Amino acid sequence: MDIFSNLMVIGECLLDTCRTNAFIRAIKKTVREGDIALDVGTGSGILAMTSARAGAKHVYAIDIAADIAAFATMNIRNNRLGKRITVQQTDAKHFVRESSVDVVTMELMDTWLVAEHQGVVMNALHKNGTIGEKTRLIPYRYQCALTLADYDFSFYGNHMPFVIQARNFAVIKRIIDKRSKRIIVNDIDFAKPVKTQIDATVTIPIEANGRCNALVLESKTFLAPGIAVWGTTDMNMPVIVPIEEVDVVKGQQISIRIRYTMGQGFNNFNVLVEA
């Protein structure tokens, strides 16, 4: 049973101008005349159409959902780009060509790649040869960062600590105070196989005295040289993860162990405070 409209998600992505314009700028900077391009999770088809207009000889636009693939096909036809773009409904992990493509655009991202499948699909395309040594990737790099914070988990008179993500950045407004600087935990090069099983321990210097009860997770996406974005309204929005409450003092160091498997959601995201 459908519980959320695929087309609603596509609309949110298109209306995220920071996200979409950053991809468009990166495509114009990266795609060359005569390229063969692959757009994974094509959605509305906007990135595939941008690649075609930027000079790609042909673009393969793939999406796992039938209704989305049909919507992309309609948009591409309405913009008279049907001869240069092939839409396929398929799981991206199963997409195979006889030779590698020149450019891959892919936005299967959520913060830290916890729930969505960017890392998993990248690995599959590396393995089957769709991504080769000379393939240009958009994005090509991805950083996972965290900050320790004191967070207000009270909602309408109730104490409710849980993982919180919000497209309108409302989660940020409820941060009472930050106890550390932003720390980069993982720096991913998509040109190489992605390590999808994460078990990392990070030592965090405390910058301010007080209570610490949450992690603020953020991600930075590098789309092309000189084009990088932190979270936008619909891509890699900041996520609040509750942790065991601990009082900290400036100059102290806190060790945090984080374990999860990319693509399996926050139910498999484990945090251990080793104060």
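All values reported here derive from a predicted model rather than from experimental measurement. (Residues numbered from 1 in each chain as written. Predicted model: local features only at pLDDT ≥ 70, side-chain atom pairs only at ≥ 80, totals over all residues. Heavy atoms only, no water.)

Caption draft 1: View of the packing of helix α2 (residues 17-30) against helix α3 (residues 46-53). Two elements in contact, α2 and α3, have axes separated by 9 Å at closest approach and are oriented at 25°. With respect to each other, α2 and α3 are oriented roughly parallel. At the point where α2 passes α3, the crossing takes the right-handed sense. Mapping the contact onto sequence places T20, F23, I24 and I27 in α2 and I46, L47, T50 and S51 in α3. (Axes fitted to C-alpha atoms, helices over the stretch in contact; angles between N-to-C directions. Helix = DSSP H or I, 4+ residues; strand = E, 2+ residues; numbered from the N terminus. Parallel < 35°, antiparallel > 145°, perpendicular 65-115°, else oblique. Left-handed = near helix turned anticlockwise from the far one by under 90°. Contact = heavy atoms within 4.5 Å.)

Caption draft 2: The pattern of salt bridges, seen in detail. In this structure the tally under the stated criterion is 11 salt bridges. The salt bridge involving D152 is made with R174; its shortest N-O contact spans 3.6 Å. Of this pair, D152 sits in the loop between β6 (141-151) and β7 (154-155) while R174 sits in the loop between α6 (170-173) and β10 (175-178), placing them 22 residues apart in sequence. Ionic pairing is found between E245 and R211, a salt bridge with its closest N-O pair at 3.9 Å. With E245 in strand β15 (residues 239-248) and R211 in strand β13 (residues 210-224), this residue pair connects regions lying 34 residues apart in the sequence. Among the ionic contacts, a cluster of salt bridges with common partners joins D150, D177, R179, R211 and E245. (Salt bridge = Lys/Arg side-chain N within 4 Å of Asp/Glu carboxyl O.)

Caption draft 3: Here's a closer look at the environment of T201. Topologically, T201 is positioned in strand β12 (residues 197-205). Apart from the residues lying within four places of it in its own chain, the contact partners of T201 are S255, I256, R257 and E274.

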